[in-house]
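Results of the structural survey
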Amino acid sequence: NAGVTQTPKFRILKIGQSMTLQCTQDMNHNYMYWYRQDPGMGLKLIYYSVGAGITDKGEVPNGYNVSRSTTEDFPLRLELAAPSQTSVYFCASSYRGNTEAFFGQGTRLTVV
Amino acid sequence: AQTVTQSQPEMSVQEAETVTLSCTYDTSESDYYLFWYKQPPSRQMILVIRQEAYKQQNATENRFSVNFQKAAKSFSLKISDSQLGDAAMYFCAYRPKYALNFGKGTSLLVTP
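In this text, all values refer to a predicted model and were calculated from it rather than measured experimentally.

The rules behind the values
- Residues numbered from 1 in each chain as written.
- Chains lettered and ligands numbered in written order.
- Predicted model: local features only at pLDDT ≥ 70, side-chain atom pairs only at ≥ 80, totals over all residues.
- Heavy atoms only, no water.
- Core = buried A, V, L, I, M, F, W, Y, C linked by side-chain atoms within 4.5 Å.
- Buried < 20%, exposed > 50% of the residue type's maximum accessible area, 1.4 Å probe, protein only.
- Helix = DSSP H or I, 4+ residues; strand = E, 2+ residues; numbered from the N terminus.
- Disulfide = S-S within 2.5 Å.

The next subject is the nonpolar core. Grouped together as the largest cluster of nonpolar side chains are 25 residues, with contacts concentrated most on Tyr25(B), Trp36(B), Phe75(B), Leu77(B) and Tyr90(B). Elements with a contribution of two residues or more to this core: β3 (19-21), β5 (33-39), β6 (46-52), β8 (64-69), β9 (74-79), β10 (88-95) and β12 (106-111) of chain B. In terms of residue count, β10(B) provides more of this core than any other element does, four residues in total. With 20 residues, the next largest nonpolar core counts Tyr33(A), Leu45(A), Phe103(A) and Tyr33(B) among its residues.

All told, the structure shown has two disulfides over all chains when counted by the stated rule. Between Cys23(A) and Cys91(A) runs a disulfide, and the two sulfur atoms are separated by 1.8 Å. Disulfide Cys23(A)-Cys91(A): torsion about the S-S bond near -70°, hence left-handed. With Cys23(A) in strand β3 (residues 19-25) and Cys91(A) in strand β9 (residues 87-94), this pair connects stretches of sequence that are 68 residues apart. Across this residue pair, the class does not change: Cys23(A) and Cys91(A) are buried. Put simply, Cys23(B) and Cys92(B) are joined by a disulfide, and their sulfur atoms are 2.0 Å apart. Handedness here is read from the sign of the S-S torsion; for Cys23(B) and Cys92(B), about -70°, the answer is left-handed. Of the two residues, Cys23(B) sits in the loop between β3 and β4 (24-26) while Cys92(B) sits in strand β10, which places them 69 residues apart along the sequence.

Below, the structure is given as structure tokens:
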């Protein structure tokens, strides 16, 4: 009963490096999301997708890119990492727009 | 822009007592959904309770209940018979159509 799986759980990046945060769900959900959570703050939406081939920007998309080639996978790409991208990243999915969202365990990313 | 406000950064309650966490939101939508999520130190996001805006009846889930006041745009969470395991960050979230918009959270401390 995997649900939403994120990898890696922890990562340290140097300024200017790139990486991809992986997210996969096995619940056949149409909607998928990427959030970031900074200390003392709520979750802010980076990107979301309402189905394969469809993505849209959220509140804080700058410095990130996404793709949704399959229903199951929704990777988040960081290009040219910056210290401001140090955060905990959560991937989530839901069946429809009016149902609850299921979250992955999060990825703690530090950019130094 | 739609915003969610949680005005209590921290709350404290004794075991077996009742505590209420407040949440207000700003929206021009008439149809939407509201959620309370719990985030323990493990950082996993766990759904506590959900409320559909078109339903007048307040949602309940065991010891957790909400007071939903649509006209006032208020959505408070009441935890009855508090337990040590209830200690966590609690996030209020508003969902108009696609993605969840989160408040900054309330840290709940439960004392023996």
